[in-house]
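Listed below, chain by chain, are the residues.
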Amino acid sequence: MECIDAEGFSAVARDHATKPRNHGPLEDFDGHARITGPCGDTMEFWLDARNGKVDRVSFITDGCGSSLACGSMATCLVEGKGVEAAAAINQKDILDRLSGIPLEFEHCALLAADTLKAACEDCLNQQKGSQKKSRSEKGTCGTCGNTDCSASSPKKDESEEEFDERRKLQSRLCRIRHKVIVLSGKGGVGKSTVAVNLAAALTLSGKRVGLLDVDIHGPSIPTMLGLERETIQGCGEGLFPIDLGEMKVMSMGFLLRNQDDAVIWRGPMKMGVIKQFLKDVVWGDLDYLIIDSPPGTGDEPLSVCQLIGELDGALIVTTPQKVAAVDVRKSITFCRQLQVPVLGVVENMSGFACPKCGEVTQILRSGGGRRIAEDMNVPFLGSIPMDPIIAEACDSGRAFIQYYAATPTAKIMRNIINHIAALGDTKQTMRHKETDT
Ligand code: ADP
């Protein structure tokens, strides 16, 4: 709140910052939106409408005093307006009525206006839907208000405690647009390397990304990102991932006191910790969550896929040898059984990239990944050569694609990763089309 002590805040702005109006969530609402601005502050608006007019409006923010002042003023400007007119309230309207906040805090008014607009749009969409469903019929999940959400009502034979846990998990997952799991038939094929570089490439393209390392027995993500010394902080809300700006990282490795500690857990304990990871990590709003799964097709990847439920798909990493093909086939069958779309197969360590000129020489048999992908009718996304710089980057805690962006191998990797970003967009479009009809 200290920010409002700075020069340039009017008495009106100070008053709204210290005594925010319409503050706190609404239990029952027609429109809701939550947006995290480029400054990292999150704002959330709820509104309830009657006969096309805003009846009640409220907001919360984790931002500083100026965010509180802007959110509060936005709710005051809305009162008595029609929903469409409320959606038109802009940054300047909020700033004018606050009659003075310093230039460097004016973005808070933009965040308030954008979030309000999104909540109004949600309300208008909801109203269109309410021609089909009456308000009393709707069972909302309580976190996003979505009536179609699988967490809106208990499943048959589900205890109250299980339902509560599922809702909590869903409230985290609802805020993540795309969830991609990286799988491999066996360890050591480069699954974590691909996961780290996929997350880093998406971050570099401006996406908000979470990277979750669920590899309980061999968590290598902390080493690959130079985060070995990090430990996790938690509070009542949950566990906070390590925040690298646009990328947030959570790994089992952060919970081990010593990198050399071995984790000896039996099946149910493993499931418990994976569930906790998914349920208790405070990711906030993300465009992508990349999950580095334990290798194989056993209980651990199974629980990740089952708990997340709505995965955009799986990326399967393999090596070119024939023996690896058997495992890829198993991974594809595993995905099909769980109805997880296969986004594609990546053949890693395929040929050798000369460290001097980048030319790729096929030192061993290659093409196993492509053959199996074609055989099983799933996309083949490309081959990454064995490149000593990749190994060096992993060992020194640097994302290869970021630190060695100009190398020929980084270009190959980017082409592969572009498929994933594009596949995500295609899926999003498909989903919109489905809901539109
Ligand atoms: P997995 O997650 O499948 O067990 P990792 O991603 O941990 O495999 O990779 C195993 C090792 O291989 C790491 O040391 C990594 O640096 C190295 N590695 C992975 N891909 C390549 C590559 N294309 N070229 C050179 N080294 C690689």
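Relevant structure appears above.
Since the structure is predicted, the reported quantities are computational estimates derived from the model, not experimental observations. (Residues numbered from 1 in each chain as written. Predicted model: local features only at pLDDT ≥ 70, side-chain atom pairs only at ≥ 80, totals over all residues. Heavy atoms only, no water.)

1. Considering the site of the ligand
Cut-off, in case you're wondering: Residues are counted as near a molecule or strand when any one of their heavy atoms sits within 4 Å of it. Polar contacts here mean pairs of N or O atoms no more than 3.5 Å apart (in protein, one a potential hydrogen donor and the other a potential acceptor; neighbouring residues in sequence count only if both atoms are side-chain atoms). Residue-level accessible areas treat just the shown protein chains as cover; the underlying method is Shrake-Rupley with a 1.4 Å probe.
Near the ligand, the surroundings consist of 18 residues, among which Gly 188, Lys 191, Ser 192, Thr 193 and Asn 348 are the closest. Lys 191 places a polar main-chain atom, nitrogen or oxygen, 2.9 Å from an oxygen atom of the ligand. Here a nitrogen atom of the ligand sits 2.9 Å away from a polar atom, N or O, in the side chain of Asn 348. Protein chains shield 80% of the accessible area of the ligand, which is 560 Å² for the free molecule.

2. Details of the nonpolar core
Rules: Definition used in this section: a nonpolar core is a set of buried Ala, Val, Leu, Ile, Met, Phe, Trp, Tyr and Cys residues joined via side-chain atoms within 4.5 Å. Using a 1.4 Å probe on the protein chains alone, a residue whose accessible area is under 20% of its type maximum counts as buried, one over 50% counts as exposed, and one in between counts as partly exposed. The way it works is that DSSP assigns letters per residue, a run of H or I at least four long becomes a helix, a run of E at least two long becomes a strand, and they are numbered from the N terminus. Contacts between residues were defined by any pair of non-hydrogen atoms, one from each residue, lying within 4.5 Å.
In terms of nonpolar packing, the biggest core is built from 80 residues, with Leu 211, Leu 212, Leu 225, Met 250, Ile 290 and Ile 291 touching the most fellow members. Examining the composition of this core, we find that eight residues originate from one element, helix H7 (residues 191-204), more than from any other. Those residues in contact with Ile 290 that sit more than four places away from it in its chain are Val 180, Val 182, Ala 195, Leu 198, Ala 199, Leu 202, Val 209, Gly 210, Leu 211 and Leu 212. Counting 38 residues, the second-largest nonpolar core is a separate cluster that includes Ile 4, Val 78, Ile 89 and Ala 113.

3. A short note on the sheet that holds strand S2 (residues 42-50)
The condition that has to hold: Any two strands are treated as partners once DSSP identifies two or more bridges connecting them. In this analysis an axis means a line fitted to C-alpha atoms, helices contributing only their contacting stretch, and an angle means the value between N-to-C directions, from 0 to 180 degrees.
Spatially, S1-S2-S3 is the arrangement adopted by the three strands of the open sheet, whose pairing is antiparallel. Bordering the open sheet on either side are strand S1 (31-36) and strand S3 (53-61), each of which pairs with just one other strand. Ignoring which end each strand starts from, the neighbouring axes of this sheet average 15° apart. Inspection of the sheet shows S1 paired to S2 by six bridges, in the antiparallel sense.

4. Quick look at the environment of Asp 15
Considering the arrangement of structural elements, one finds Asp 15 in helix H1 (residues 11-18). Judged by relative accessible area, which is 24%, Asp 15 ranks as partly exposed. Taking C-alpha positions, Asp 15 is 9.9 Å from Ile 4, a pair spaced 11 residues apart along the chain.

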